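Okay, here's what each chain looks like letter by letter:
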Amino acid sequence: IIGATYDQVLAQNYHDIASWKKSGLYDKVLETLSSGKRTRYELQAKSSFGRDVFLDCHLVAITVNDQQHLLLMANDVTENKSMQAQLIQSSKMATLGEMATGVAHELNQPLNIIRMAVNNIKRKSEQGTADPEYISDKLDRVDRQVERASAIIDHMRIFGRKPDVTPLPLDPETMVENVRSLLGEQLRLAEIEVMTTAPDQCRPVLGHQVQLEQVLLNLFANARDSLKRKKDGDKRITITINEDADNVFL
């Protein structure tokens, strides 16, 4: 599983295995030995012998001749993880196809503003009334809309790529805003208001950006479809981000 020989495995002391400590497995070992409870832990790591693996580990504290030992049973789930990643990627590409119309609307708004600004500059220039301050103001407006369109395209590119296998610290509020930016025009056309409340500073969560944002996107889309069927009253999606000493909640 880890790409090692029988003798290499026997020569290792799990207290000194760097890949165990980097992946968090060693902390689970200490927890298992101190509590005496069986532990299950899934990890993704590069073994000390250079192989990238996903392992489903079962840890048990055992006593032999009055000495405490660790029993580790590890299943190689690398192939399963690869298949899951392919399914996730297929699902994402299908979602991107569904979003194409909405993204076109999102891009149309800054493009229309840019067209109006350019036409205004052209008209003022032909009339000889385009002073430098007026032109500078319009060009600043064009620049902001170009940034907005670029951000939408960049995020679509991020959303469409294959997810990283290594989880990263992510800002919950930023993830919510990224998804809102992709669906904003669809929600506006459906007359759905979106309200987000969050603490001034929220701890990051450890995860995969693309996968977490796809979950949020599905939740937004489900709420949108449900509210579209609503005949009267306010149409509102409320997102609340909160945290306690141990967890971040959405």
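Further up the page is the structure itself.
Given the structure is predicted, the values throughout are model-derived calculations rather than measurements. (Residues numbered from 1 in each chain as written. Predicted model: local features only at pLDDT ≥ 70, side-chain atom pairs only at ≥ 80, totals over all residues. Heavy atoms only, no water.)

Engineer: Tell me what's going on with the side chain of Ser47, and back it up with residues and numbers.
Structural biologist: Tracing the sequence through the fold places Ser47 in the loop between strand 1 (39-46) and strand 2 (52-64). If sequence neighbours within four positions are ignored, Ser47 has contacts with Ile2 and Ser19. (Helix = DSSP H or I, 4+ residues; strand = E, 2+ residues; numbered from the N terminus. Contact = heavy atoms within 4.5 Å.)

Engineer: Can you lay out the nonpolar core for me, pointing to particular residues and giving the numbers?
Structural biologist: Among the nonpolar cores identified, the biggest contains 17 residues, and Val176, Val179, Leu183, Leu187, Ile192, Phe220 and Ile237 are the most heavily contacted of them. Those elements that provide at least two residues to this core are helix 6 (172-189), helix 7 (209-228) and strand 7 (236-240). (Core = buried A, V, L, I, M, F, W, Y, C linked by side-chain atoms within 4.5 Å. Buried < 20%, exposed > 50% of the residue type's maximum accessible area, 1.4 Å probe, protein only.)

Engineer: Outline the pairing of strand 2, supporting the account with residue identities and numerical values.
Structural biologist: Taken together, the eight bridges between strand 1 and strand 2 define a ladder with antiparallel strand orientation. Its bridge partner being in strand 2, Arg40 is matched across the sheet by His58. Between strand 1 and strand 2, which pair antiparallel and follow one another directly, the connecting turn spans five residues, one of which, Gly50, has a positive phi of 95°. Where strand 2 and strand 3 (residues 67-76) come together, 10 bridges link them in antiparallel fashion. Within the sheet, the bridge partner assigned to His58 lies in strand 3 and is Met73. (Pairing = 2+ DSSP bridges.)

Engineer: Help me get a handle on the packing of aromatic side chains, residues and values and all.
Structural biologist: Evaluated as defined, the whole model comprises one aromatic pair. Ring centres of Tyr14 and Trp20 lie 5.8 Å apart, and the angle between their planes is 15°; on these two criteria the pair is classed as stacked. Taking the relative accessible area as the measure of exposure, Tyr14 reaches 21% and is therefore partly exposed. Residue class for Trp20 comes out buried when judged on its relative accessible area of 15%. The lysine or arginine in question, Lys21, covers the ring of Tyr26, its NZ or CZ lying 5.1 Å from the ring centre. One residue, Lys124, lies across the ring of Tyr134, its end atom 5.2 Å from the ring centre. (Phe/Tyr/Trp six-rings, centres within 6.5 Å; stacked < 30°, edge-to-face > 60°. Lys NZ or Arg CZ within 6 Å of the ring centre and 35° of its normal.)

Engineer: Before we move on, can you summarise helix 7 with the specific residues and values?
Structural biologist: Across its 20 residues, helix 7 extends 28 Å between first and last C-alpha, which sits within 8% of the 28 Å expected from 1.5 Å per residue. The complete set of buried residues in helix 7 reads Val210, Glu213, Gln214, Leu216, Leu217, Phe220, Ala221, Arg224 and Leu227. Take helix 7 and look down its axis: the buried residues cluster within an arc of 165°, on one side only. The exposed residues of helix 7 that point more than 90 degrees off its buried face are Leu219 and Asn222. (Expected span 1.5 Å × (residues − 1). Arc of directions from axis to C-beta.)

Engineer: Kindly report on the sheet that holds strand 2, identifying the contributing residues and their values.
Structural biologist: Ordered by their spatial adjacency, three strands build an open sheet running 1-2-3, and the pairing between neighbours is antiparallel. The open sheet has two edge strands, strand 1 and strand 3, and neither has a second partner. Ignoring which end each strand starts from, the neighbouring axes of this sheet average 35° apart. Strand contacts of helix 3 (residues 25-35): strand 1, strand 2 and strand 3, with the helix running at about 20° to strand 2, the strand carrying the most contacts. (Axes fitted to C-alpha atoms, helices over the stretch in contact; angles between N-to-C directions.)

Engineer: An account of the packing of helix 6 against helix 7 is requested, with residue identities and associated values reported.
Structural biologist: When two helices pack together, their arrangement is given by the angle between their axes and by how far apart the axes lie. For the pair helix 6 and helix 7, interaxial distance at closest approach is 9 Å and the crossing angle is 35°. At the point where helix 6 passes helix 7, the crossing takes the right-handed sense. Of the residues in helix 7, those in contact with Met175, Val176, Asn178, Val179, Arg180, Leu183, Gln186 and Leu187 of helix 6 are Gln209, Leu212, Glu213, Leu216, Leu217, Phe220, Ala221 and Arg224. Residue composition of the contact of helix 6 with helix 7, by class: 10 nonpolar, three polar and three charged. (Left-handed = near helix turned anticlockwise from the far one by under 90°. Nonpolar A, V, L, I, M, F, W, Y, C, P; charged D, E, K, R; others polar.)

Engineer: Tell me what's going on with the environment of Ser136, and back it up with residues and numbers.
Structural biologist: Position of Ser136 among the secondary structure elements: in helix 5 (residues 132-160). Since its relative accessible area comes to 37%, Ser136 is described here as partly exposed. When the C-alpha atoms of Ser136 and Ile121 are compared, they prove to be 9.8 Å apart, with 15 residues separating the residues in sequence.

Engineer: Any details on the pattern of salt bridges? Residues and values, ideally.
Structural biologist: Considering all chains together, one arrives at eight salt bridges under this definition. The partner of Lys46 in a salt bridge is Asp52, and the shortest N-O contact between them spans 3.3 Å. Overall, the relative accessible area of 47% leaves Lys46 in the partly exposed class. The partner of Arg180 in a salt bridge is Glu177, and the shortest N-O contact between them spans 3.7 Å. In this pair, Arg180 and Glu177 are both assigned in helix 6, three residues apart and thus about one turn of the helix distant. What makes Arg180 partly exposed here is its relative accessible area of 24%. Relative accessible area serves as the criterion here: at 34%, Glu177 is assigned to the partly exposed category. What you see here is one network of salt bridges that share partners, running through Glu193, Asp234 and Arg236. (Salt bridge = Lys/Arg side-chain N within 4 Å of Asp/Glu carboxyl O.)

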